[in-house]
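Chain and residue survey
Listed here are the chains, written in short residue letters.
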Amino acid sequence: MTLSGDFIPAEDDLYDEPLNPVIFGIELTPKVLGILAALAGIGLAIFLFQRFVQPVRLSNQALRADIAEKENQLATQAERLEEIAKLEEARDAALVQRSNVYSLFSDESSMDTLLLDINQRIKNSNASIGAARNQISARGIPPIIVEAQLKKFNPSGEAIVQDGSLGEEVNDKLKRQTYNVEFSGDFAQTQSVLSNVERLEPLLLIRDFALSSSETVTETVLNSQGQVVGQPKQRINSTFQLDALIPTGDPSVPPEIAPPPPPEGEVVEE
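I will try to describe carefully the structure that is included in this document.

Scoring rules and cut-offs
Residues numbered from 1 in each chain as written. Predicted model: local features only at pLDDT ≥ 70, side-chain atom pairs only at ≥ 80, totals over all residues. Heavy atoms only, no water. Helix = DSSP H or I, 4+ residues; strand = E, 2+ residues; numbered from the N terminus. Buried < 20%, exposed > 50% of the residue type's maximum accessible area, 1.4 Å probe, protein only. Areas by Shrake-Rupley, 256 points an atom, 1.4 Å probe, with all protein chains shown as cover. Expected span 1.5 Å × (residues − 1). Arc of directions from axis to C-beta. Contact = heavy atoms within 4.5 Å. Polar contact = N/O pair within 3.5 Å; in protein donor to acceptor, adjacent residues only side chain to side chain. Phe/Tyr/Trp six-rings, centres within 6.5 Å; stacked < 30°, edge-to-face > 60°. Core = buried A, V, L, I, M, F, W, Y, C linked by side-chain atoms within 4.5 Å. Salt bridge = Lys/Arg side-chain N within 4 Å of Asp/Glu carboxyl O. Pairing = 2+ DSSP bridges. Axes fitted to C-alpha atoms, helices over the stretch in contact; angles between N-to-C directions.

**Some details on the overall build of the protein**
Along its length, the protein carries five helices and six strands. Residues counted as buried form 21% of the 270 residues belonging to the protein. Summing over all exposed atoms, the protein offers an accessible surface of approximately 19,700 Å²; the carbon and sulfur share of this is 56%.

And the structure:
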């Protein structure tokens, strides 16, 4: 059978249409679809990273920075606490030393008993003559023995030390209570009394010390044979001023520390 006048397309022309979908003129072949899937995966990964991972990452970085800052603050605070502990320890040691130094000085309570203390030292210097007096009295002979006697103990006033006589560093930190003292006795008694006064607990200063001889006394003593004989002895008068130094402050209270001077050129507001 013969066809005439009609067009019969070639066999190849029957298959010119694409076998895969076409979008925007691009045939979605498996290769293209793979590339598009890869790009979509990359885009999705970028989106997820920006949406979820990046905020967490930035938050972790900020948290690590905050932790590092807190650790530095704790380390600095620990150093400061250690430094404060050392300063407090040094302060306590200084207060103990200050209290020990202040204990060497006089105080109001020791001043109340100072007269009794000195008078007792003078009486103690007569202790060695008691036995001789008793032996002489037992023989019916009136004993004539030189005894140490306190003749005067008069306070002459109290004043704060400000004249630099004890050093400029102690000006206004000590006050001076002065007593005019006079006693008499022989040489050995005088030496004993002065030595015992130096051993008194409060810090005392002796000023304007003067010795003068008084009348000669014929003292009754026992010789090596046990006989009562007369022996001339010179009575000595001792006069001096006794200064008791008393701190003006409380040793248990730390002294006030003056603030450091401002830097040069800086104006201090009043």
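**Structural notes on helix H5 (residues 187-198)**
End to end, H5 covers 17 Å across twelve residues, agreeing with the expected 16 Å (1.5 Å per residue, within 8%). Within H5 the residues assigned to the buried category are Gln189, Thr190, Val193, Leu194, Asn196 and Val197. Taken end-on, H5 shows its buried residues confined to a sector of 165°, consistent with a single buried face. Turned more than 90 degrees off the buried face of H5, the exposed positions are Phe187, Gln191 and Glu198. Summarising the contacts, the buried residues of H5 are in contact with helix H3 (114-124), strand E4 (174-185), strand E5 (204-222) and strand E6 (228-247). Where H5 begins, one side-chain oxygen reaches toward the backbone nitrogen of Ala188, 3.3 Å away; that side chain belongs to Asp186.

**Digging into the packing of aromatic side chains**
Counting across every chain of the model gives three aromatic pairs. When the centroid spacing of 6.4 Å and the interplanar angle of 75° are considered together, the rings of Phe183 and Phe240 count as edge-to-face. Within this pair, whereas Phe183 is found in strand E4, its partner Phe240 is found in strand E6, the two being separated by 57 residues in sequence. On the basis of relative accessibility, which here comes to 5%, the residue Phe240 falls in the buried class. Joined through ring pairs, the aromatic side chains of Phe183, Phe209 and Phe240 make up one cluster.

**Points about the nonpolar core**
Judged by nonpolar contacts, the single largest core of 18 residues is most densely connected at Leu114, Ile118, Tyr179, Leu204 and Leu242. The set of elements that each furnish at least two residues to this core consists of H3, E4, H5 and E6. For this core, the element with the most residues is E6, which contributes four residues.

**Examining the pattern of salt bridges**
In total, this model carries eight salt bridges according to the counting rule given. The partner of Glu158 in a salt bridge is Lys175, with the nearest N and O atoms 3.7 Å apart. Here the residue Glu158 occupies a position in strand E3 (residues 149-160), and Lys175 occupies one in strand E4, the gap between them amounting to 17 residues. With relative accessibility at 17%, the residue Lys175 sits in the buried group. Between Arg176 and Asp243 there is a salt bridge; the shortest N-O distance is 3.3 Å. Note that Arg176 is positioned in strand E4 and Asp243 in strand E6, a separation of 67 residues in sequence.

**Focus on the pairing of E4**
The buried count for E4 comes to eleven of twelve residues, which makes it a mostly enclosed element. Bridge analysis of E3 against E4 gives ten bridges, and the strand direction is antiparallel. Bridge pairing links Asn154 to Asn180 in E4. Bridge analysis of E4 against E6 gives twelve bridges, and the strand direction is antiparallel. Opposite Ser184, over in E6, you have Asn237 as the bridge partner.

**What about the sheet that holds E5?**
Taken in spatial order, the four strands line up as E3-E4-E6-E5 in an open sheet, and their pairing is antiparallel. The open sheet has two edge strands, E3 and E5, and neither has a second partner. Each neighbouring strand pair of the sheet contributes to a mean axis angle of 10°, computed without reference to strand direction. Strands E4, E5 and E6 of the sheet are contacted by H5, whose axis makes an angle of about 160° with E4.

**Let's talk about unusual backbone geometry**
Non-glycine residue Asp172 carries a positive phi angle of around 70°. Note on placement: Asp172 falls in the loop between E3 and E4. Asp172 gets classed as partly exposed once you look at its relative accessible area, which sits at 45%. You will see that Asp208, though not glycine, has its phi angle at about 50°, which is positive. For Asp208, the position within the fold is in strand E5.

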